[in-house]
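Each chain, letter by letter, is given below.
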Amino acid sequence: MTRDRPVVAVYPGSFDPITKGHEDVVRRSLRLADRVVIAVAHTATQEKGSLFSVEQRLALLEEVFQGEERIECRSFRGLLVDLAREVEARFVIRGLRAVSDFEYEFQMAQMNRELWSGVETVFLTPDQKYSFLSASLVREVARLGGDISRFVPEPVLREMEALFRE
Ligand code: PNS
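Quick summary incoming for the structure in this document.

### Quick look at the overall build of the chain
Then comes step 1: Helix and strand counts for the chain stand at seven helices and five strands.
Then comes step 2: Starting at the N terminus and ending at the C terminus, the chain contains elements arranged as β-α-β-α-α-β-α-β-α-β-α-α.
Then comes step 3: Against the globule reference of 15 Å for 166 residues, the chain gives a C-alpha radius of gyration of 16 Å, in line with a compact fold.
Then comes step 4: In terms of its C-alpha atoms, the chain occupies a principal-axis envelope of roughly 50 × 35 × 30 Å.
Then comes step 5: Out of the 166 residues in the chain, the part that is buried amounts to 45%.

### Quick notes on the pattern of salt bridges
Then comes step 1: Per the counting criterion, the structure on display carries 14 salt bridges.
Then comes step 2: Arg27 is the partner of Glu68 in a salt bridge, and the nearest nitrogen-oxygen pair spans 2.7 Å. Placement of Glu68 in the loop between helix H3 (54-64) and strand E3 (71-76) and of Arg27 in helix H1 (residues 20-29) is noted, with a sequence separation of 41 residues between them.
Then comes step 3: Counted as one network, the salt bridges with shared partners bring together Asp16, Arg57 and Arg139.

### Describing unusual backbone geometry
Then comes step 1: The linkage connecting Asp16 with the following residue, Pro17, adopts the cis geometry, with an omega of 5 degrees.
Then comes step 2: Looking at the element boundaries, Pro17 is found in the loop between strand E1 (8-13) and H1.
Then comes step 3: With phi around 50 degrees, Phe15 is a residue other than glycine that occupies positive phi space.
Then comes step 4: The topology assignment puts Phe15 in the loop between E1 and H1.

### Details of the packing of H3 against helix H7 (residues 154-165)
Then comes step 1: Interaxial distance between H3 and H7 falls to 8 Å at its minimum, and their mutual angle equals 140 degrees. Contact with H3, carried on its side by Leu60, Glu63 and Val64, involves Pro155, Val156, Arg158 and Glu159 of H7 and no other residues of that element.

### Observations concerning the nonpolar core
Then comes step 1: Core analysis: the biggest nonpolar cluster contains 35 residues, and Tyr11, Ile38, Leu61, Phe65, Ile148 and Met160 have the highest contact counts within it.
Then comes step 2: Mapped onto this core, the elements with two or more residues apiece are E1, H1, strand E2 (35-41), H3, E3, strand E4 (91-95), helix H6 (135-143) and H7.
Then comes step 3: No other element matches the five residues that H3 contributes to this core.
Then comes step 4: Those residues in contact with Tyr11 that sit more than four places away from it in its chain are His22, Val25, Val26, Val36, Val37, Ile38, Ala39, Ile93, Arg94 and Gly95.
Then comes step 5: Formed by 13 residues, the second largest nonpolar core is a distinct cluster that contains Val8, Phe76, Ala84 and Val119.

### Re the pairing of E1
Then comes step 1: Most of E1 sits inside the fold, with six of its six residues counted as buried.
Then comes step 2: Side chains Val8, Val10 and Pro12 of E1 all project onto a buried face; the interleaved residues Ala9, Tyr11 and Gly13 project onto the opposite face, where all are buried too.
Then comes step 3: Pairing between E1 and E2: six bridges, direction parallel. The partner of Tyr11 across the bridge, within E2, is Ile38.
Then comes step 4: With respect to chirality, the unit in which E1 leads through H1 into the neighbouring parallel E2 is right-handed.
Then comes step 5: Both E1 and E4 contribute to a ladder of two bridges, which runs parallel. Of the residues in E4, the one forming a bridge with Val10 is Val92.

The rules we used
- Residue positions are given per chain, counted from 1 along the sequence in the order it is written.
- A pLDDT threshold of at least 70 governs which residues receive local features in this predicted model, and a stricter bar of 80 or more applies before side-chain atom pairs are shown or counted, although totals over entire chains, interfaces and linings include all residues.
- Side-chain metrics rest on all non-hydrogen atoms present in the structure, leaving aside hydrogens and water.
- We count a stretch as a helix when DSSP gives it H or I for four or more residues in a row; a strand needs E for two or more, and each element gets its number in order from the N terminus.
- Atoms counted for the radius of gyration: C-alpha only. Globule rule: 2.2 Å times the number of residues to the power 0.38.
- Think of it in three bands: residues with accessible area under 20% of the maximum for their type are buried, residues over 50% are exposed, and the middle band is partly exposed, with areas taken using a 1.4 Å probe on protein chains only.
- What makes a salt bridge here is a side-chain nitrogen of Lys or Arg within 4 Å of a carboxyl oxygen of Asp or Glu, nothing more.
- Note on method: axes are straight lines fitted to C-alpha atoms, helices fitted across the in-contact stretch only, with angles between N-to-C directions ranging 0 to 180 degrees.
- The contact criterion used is simple: two residues touch if any of their non-hydrogen atoms lie within 4.5 Å.
- Nonpolar core, defined: a set of buried Ala, Val, Leu, Ile, Met, Phe, Trp, Tyr and Cys residues in which side-chain atoms within 4.5 Å join the residues together.
- The pairing criterion for strands is at least two bridges between them, as found by DSSP.
- Every crossover in which the path from the first strand over the helix to the second runs clockwise, viewed with the strands pointing away from the viewer, is termed right-handed.

Below, the structure is given as structure tokens:
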């Protein structure tokens, strides 16, 4: 494999909000790539039922990874493969927590390959202690007054506590 340019990975998702599971996957992906672009997707369906706006999610990601020179946070519209091409990504990172994630992830990876074969999808598993964790469960637990401090990075906890205090 030639290393004439830095290896860039894109880690796309909704990140509503970023959880400790996502954070763990990002830190693992830094072992594979020189630079990781965390990309928050703008999609109409996701935005309707979302907790945080894309701008808020991005601000939280930036706070969580501040000082990490190899990490860039941004949002994107349209196809993931177009973003991957734009940032010259060698691969797309997706987290796989359990077999139940596999079918959807496999379908997306295959579709992305059909759309553009220039990027590979790499699946990373988070630490076992986060294998049950999802942003949707975190939102539900927080809405119902449960303790989410073990599941989300500190800036997210602060914002969610503020949101649900209102
Ligand atoms: O965190 P999520 O909601 O599982 O992330 C899904 C995401 C954003 C990665 C996926 O919906 C996506 O790639 N959206 C961009 C639009 C696109 O390229 N769709 C075709 C993918 S097969």
